[in-house]
Amino acid sequence: MEDLKDPSTTVHAAPGAPARPRRRWLRALLYLLAAVGVLALALIGYAVYRHGKDAGPPRVAIDETAVIDDVMAQTYGKYSAARKGWLYVGDDNITYLMRVVQQARIPDGADGDELYFIASGTAVDGSENAMYGAFHVHPNHPNDGNLAQVNTQIRYPSTQAVRPEQVHFEALSENLWGWVVKAQTGTDPELYPVTVTNTVLAPHGDEIAVLGEFLASRESNPGRPCDEAKAAWEAYNRPAPAGSGDEDEGIDETEEPLRCEKRRWTYRTATVNGNVPVPITVTVGGTLDGQAVEARTWKMMFDPKSFAYDVPAELKNQ
């Protein structure tokens with residue numbers, strides 16, 4: 001007999017639940033975004049690299065105290081704490097005590113800071129030997145992030161060192177700064193004329209150039225009436241008569257008589273306008289031979305070819 005299955009008890013297998021489809025599109029999107037991010041970072045890094053390469057070395061900053069100490073030591077030797085200056089043995093075998101009397105930092109140079117300073121000193125043995133040095137420290141060219149410097153040393157017969165108030169730092173053109181330094185010779189106007197001379201200096205290539213020299217002041221006191229002093233001075237400077245034989249006897253050994261003199265030459269630089277150093281206007285005043293001198297003004301023009309000012313003969317220290 002066949003077994004009969006009760007259809008009511010027949011168990012039917014439940015159909016399987018449909019499989020959830022994979023979200024491949026989401027994974028692909030994540031990969032794409034990651035790739036885009038990596039590419040963006042690479043592009044940013046390359047841009048920063050190119051910018052740094054194109055910009056060149058960073059602008060050079062100058063620590064004035066550290067740089068001056070270093071340059072002074074290189075130029076003049078060891079600093080003397082006891083003497084509060086640098087002891088320098090010059091080419092003339094004379095020892096000078098050098099001190100910094102002026103400094104100025106220009107922060108807006110093309111490649112970074114520029115430093116200008118003046119050092120001055122006299123012979124430690126008290127002899128009539130004085131000197132000053134003009135220094136320009138600037139970023140190296142081509143700029144490699146380091147500093148370079150140029151300087152010049154000027155000697156003159158005196159026991160008077162250049163003082164801070166005797167250094168004027170001037171803008172001579174839109175791209176040139178320089179100094180007018182006043183150096184004094186003589187100390188007693190009753191013995192020898194006390195003369196102060198202006199010297200204009202400025203960087204020029206690989207040197208500090210002298211752009212010109214002109215009188216600043218001159219004073220002498222003969223200790224006698226001015227008319228007598230004038231007559232003696234004129235007699236001393238009067239040419240010997242032709243045929244007298246005196247002109248062949250050599251130079252008179254007596255010293256030139258002093259005149260009554262107290263003259264001052266003041267100067268003024270024009271307003272900077274362009275790349276050519278500005279004219280310098282000089283005016284004289286004071287007294288000579290006991291009389292007020294006639295006011296007179298000169299305008300010294302700059303000659304770019306010679307890189308110097310055209311100084312009239314009347315303004316030179318004869």
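Up top is the structure.
Residues numbered from 1 in each chain as written. Predicted model: local features only at pLDDT ≥ 70, side-chain atom pairs only at ≥ 80, totals over all residues. Heavy atoms only, no water.

> How should the nonpolar core be read in this particular structure?
Side chains of a nonpolar character, in soluble globular proteins, are inclined to be buried together. Residues Leu 211, Phe 214 and Tyr 309 are the most contacted members of the largest nonpolar core, which totals 21 residues. For this core, the leading source of residues is strand β10 (residues 207–220), giving 4 residues. Non-local contacts of Phe 214, meaning those with residues more than four positions away in its chain, are made with Thr 197, Asn 198, Val 200, Tyr 267, Ile 280, Val 282, Met 300, Val 311 and Leu 315. (Core = buried A, V, L, I, M, F, W, Y, C linked by side-chain atoms within 4.5 Å. Buried < 20%, exposed > 50% of the residue type's maximum accessible area, 1.4 Å probe, protein only. Helix = DSSP H or I, 4+ residues; strand = E, 2+ residues; numbered from the N terminus. Contact = heavy atoms within 4.5 Å.)

> Mind showing me how you'd approach the pattern of salt bridges here?
Two side chains that carry opposite charge are able to pair once their charged atoms sit near each other. With the rule as written, the count across this model stands at 9 salt bridges. Among the salt bridges present, the one from Arg 259 reaches Asp 289, with a minimum N-O distance of 2.7 Å. Highlighted residues: Arg 259 in the loop between α3 (226–237) and β11 (261–269) and Asp 289 in the loop between β12 (280–288) and β13 (291–292), separated in sequence by 30 residues. The class for Arg 259 is buried, based on a relative accessible area of 17%. Overlapping salt bridges, with partners in common, bring together Glu 64, Arg 105 and Asp 113 in one network. (Salt bridge = Lys/Arg side-chain N within 4 Å of Asp/Glu carboxyl O.)

> Help me understand the sheet that holds strand β4 (residues 114–123), please; the structure alone is not making it clear to me.
Sheet strands pair by backbone hydrogen bonding; their relative direction is either parallel or antiparallel. Sheet architecture is open: 6 strands sit in the order β1-β2-β3-β4-β5-β6, paired in antiparallel fashion. In this open sheet, the two strands that pair with only one neighbour each are β1 (79–80) and β6 (147–156). On top of the sheet, helix α2 (residues 64–76) reaches β2 (85–89), β3 (95–106), β4, β5 (130–139) and β6; it is set at about 45 degrees to β4, its chief contact. (Pairing = 2+ DSSP bridges. Axes fitted to C-alpha atoms, helices over the stretch in contact; angles between N-to-C directions.)

> Explain the side chain of Ser 120 here, please?
In this fold, Ser 120 is placed in strand β4. Only 2.7 Å separates the side chain of Ser 120 from the backbone oxygen of Val 162, close enough to count as a polar contact. Among residues more than four places away in sequence, those in contact with Ser 120 are Leu 97, Met 98, Arg 99, Val 101, Met 131, Tyr 132, Ala 161 and Val 162. (Polar contact = N/O pair within 3.5 Å; in protein donor to acceptor, adjacent residues only side chain to side chain.)

> Sorry if this is basic, but what is going on with the pairing of strand β9 (residues 194–204) here?
The two faces of the sheet receive side chains in turn, since in a regular strand these alternate between them. Within β9, 10 of the 11 residues are buried, which leaves it mostly tucked inside the rest of the structure. Bridge count for strand β8 (residues 176–185) against β9 is 7 bridges, and the pairing is antiparallel. In the sheet register, Val 180 faces β9, and the bridge partner there is Val 200. Taken together, the 11 bridges between β9 and β10 define a ladder with antiparallel strand orientation. Bridging across to β10, Pro 203 finds its partner in Ile 208. Taking the residues between adjacent antiparallel strands as the criterion, β9 and β10 are bridged by 2 residues, where Gly 205 takes a positive phi near 65 degrees.

> Honestly, the state of the cysteines in this entry has me stumped. Any pointers?
By definition, a disulfide links the sulfur atoms of two cysteines through a covalent bond. Scanning the model with the defined rule gives 1 disulfide in all. With a sulfur-sulfur separation of 2.2 Å, Cys 226 is cross-linked through a disulfide to Cys 260. Judged by the sign of its S-S torsion, about -100 degrees, the cystine formed by Cys 226 and Cys 260 is left-handed. Of this pair, Cys 226 sits in helix α3 while Cys 260 sits in the loop between α3 and β11, and the two are 34 residues apart along the sequence. For Cys 226, a relative accessible area of 26% corresponds to the partly exposed category. A relative accessible area of 10% places Cys 260 in the buried class. (Disulfide = S-S within 2.5 Å.)

> How should I be thinking about the environment of Tyr 156 in this particular structure?
Secondary-structure assignment places Tyr 156 in strand β6. Tyr 156 gets classed as buried once you look at its relative accessible area, which sits at 11%. Sequence separation between Tyr 156 and Ala 130 is 26 residues; the distance between their C-alpha atoms is 5.5 Å. Those residues in contact with Tyr 156 that sit more than four places away from it in its chain are Glu 128, Asn 129, Ala 130, Met 131, Tyr 132, Ala 161, Val 162, Ala 183, Gln 184 and Thr 185. Polar side-chain contacts of Tyr 156 include one of 2.8 Å to the backbone oxygen of Gln 160.

So, to be careful, I would describe these as geometric facts and stop short of saying anything about function.
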